[in-house]
Amino acid sequence: ADAEEKAIMSRLSRTTSATDAVKTADLVIEAIPENLKLKQDLFADLDKAAPANTIFTSNTSSLPISDIASTCTRGDRFGGLH
């Protein structure tokens, strides 16, 4: 790999923990199954772990965003995104 590729790859990290992944995130894009409770539980956990300025988005196509966001404290920074 060339130097540019190595530099890019050195800035990437991987985790299987959603709460670890959002600790320094500016934007979160959720793409999990269309299950309201599942999405609410995820965002409730992420809300506790992410910085206050983090914007949350869901790619839902059938659930009301306001219902998904109801477990979060950041309703002004929560939206739908496709």
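Residue positions are given per chain, counted from 1 along the sequence in the order it is written. Owing to the predicted nature of the model, reporting of local features is limited to residues with pLDDT of at least 70; listing and counting of side-chain atom pairs is limited to 80 or more, with chain, interface and lining totals taken over all residues. Calculation of side-chain values draws on the structure's entire complement of heavy atoms; hydrogens and water are dropped beforehand.

**Student:** Can you lay out the sheet that holds strand β1 (residues 27-30) for me, pointing to particular residues and giving the numbers?
**Tutor:** One bridge is not enough; two strands pair if DSSP finds at least two bridges between them. Secondary structure elements are defined from DSSP: runs of H or I of at least 4 residues count as helices, runs of E of at least 2 residues count as strands, and each element is numbered from the N terminus. On the basis of which strands lie adjacent, the open sheet formed by three strands has the order β1-β2-β3 and parallel pairing. Among the strands making up the open sheet, the edge pair consists of β1 and β3 (78-80). In this sheet, neighbouring strand axes are inclined to one another by 20° on average, regardless of whether the strands run parallel or antiparallel. Sheet topology places strand β2 (residues 55-58) next to β3; three bridges connect them, and they run parallel. From the neighbouring strand, Phe-56 faces β3, where its bridge partner is Phe-78. What makes two residues a contact is simply this: any of their non-hydrogen atoms within 4.5 Å. Between the N-to-C directions of two axes lies an angle of 0 to 180 degrees, each axis being a line fitted to C-alpha atoms and, for a helix, fitted only over the stretch in contact. Helix-sheet contacts for helix α3 (residues 36-49) involve β1, β2 and β3, and the interaxial angle to β2 is about 165°.

**Student:** Report on a nonpolar patch on the surface, specifying residues and quantitative values.
**Tutor:** Two joining distances apply to patches: 9 Å for like charges and 5 Å for nonpolar side chains (Val, Leu, Ile, Met, Phe, Trp, Tyr), and every residue must have over 30% relative accessible area and no salt bridge. To measure how exposed things are, a 1.4 Å probe is used in the Shrake-Rupley method; for residues, cover is taken only from the protein chains shown. Should a side-chain nitrogen of Lys or Arg be within 4 Å of a carboxyl oxygen of Asp or Glu, the pair is scored as a salt bridge. On the surface, Leu-27, Ile-29, Ile-55 and Leu-81 cluster together to form a nonpolar patch covering roughly 350 Å² of accessible area. Looking at the secondary structure, you find Ile-29 in strand β1. Only protein chains enter the calculation, and the probe is 1.4 Å; a residue is then buried if its accessible area is under 20% of its type maximum, exposed if over 50%, and partly exposed in between. Looking at Ile-29, the relative accessible area reads 52%, which means it is exposed.

**Student:** So, the side chain of Lys-39: which residues are in play, and what are the values?
**Tutor:** Relative to the elements of secondary structure, Lys-39 occurs in helix α3. Of note is the side chain of Lys-39, whose polar atom sits 2.3 Å from the side chain of Glu-30. A polar contact of 3.3 Å, which involves the side chain of Lys-39, links it to the side chain of Glu-34. If near-sequence neighbours (up to four positions away) are discounted, Lys-39 is found in contact with Glu-30, Ile-32, Pro-33, Glu-34, Ser-58, Asn-59, Thr-60, Leu-63 and Ile-68. For this analysis, a polar contact is any N or O atom pair within 3.5 Å, provided that within protein one partner can donate a hydrogen and the other can accept it, and provided that sequence-adjacent residues contribute only side-chain to side-chain pairs.

**Student:** I'd love a proper account of α3, names of residues and values included.
**Tutor:** With 14 residues, α3 ought to run about 20 Å at 1.5 Å a step, and its terminal C-alpha atoms sit 20 Å apart, in line with that. Within the sequence span of α3, burial applies to Lys-39, Gln-40, Phe-43, Ala-44, Leu-46 and Asp-47. At its buried positions, α3 is contacted by α2 (18-21), β1, β2, α4 (65-69) and β3. For α3, the N-terminal cap is Asn-35; the gap from its side-chain oxygen to the backbone nitrogen of Lys-37 is 3.1 Å. For a helix, the expected span equals 1.5 Å multiplied by the number of residues minus one.

**Student:** Now, about the environment of Phe-56: what can you tell me, with residues and values included?
**Tutor:** Along the chain, Phe-56 turns up in strand β2. Considered as a pair, Phe-56 and Gly-75 are 19 residues apart in the sequence and their alpha carbons are 9.0 Å apart. Discounting chain neighbours no more than four positions away, the residues touching Phe-56 are Val-28, Phe-43, Leu-46, Asp-47, Ala-50, Cys-72, Arg-74, Arg-77, Phe-78 and Gly-79.

**Student:** Residue-level account of the side chain of Glu-30, with values.
**Tutor:** Relative to the helices and strands, Glu-30 resides in strand β1. Residue contacts for Glu-30: discarding those within four places in its chain leaves Lys-39, Leu-42, Phe-43, Thr-57, Ser-58 and Asn-59.

Purely geometric numbers; function is a separate question.
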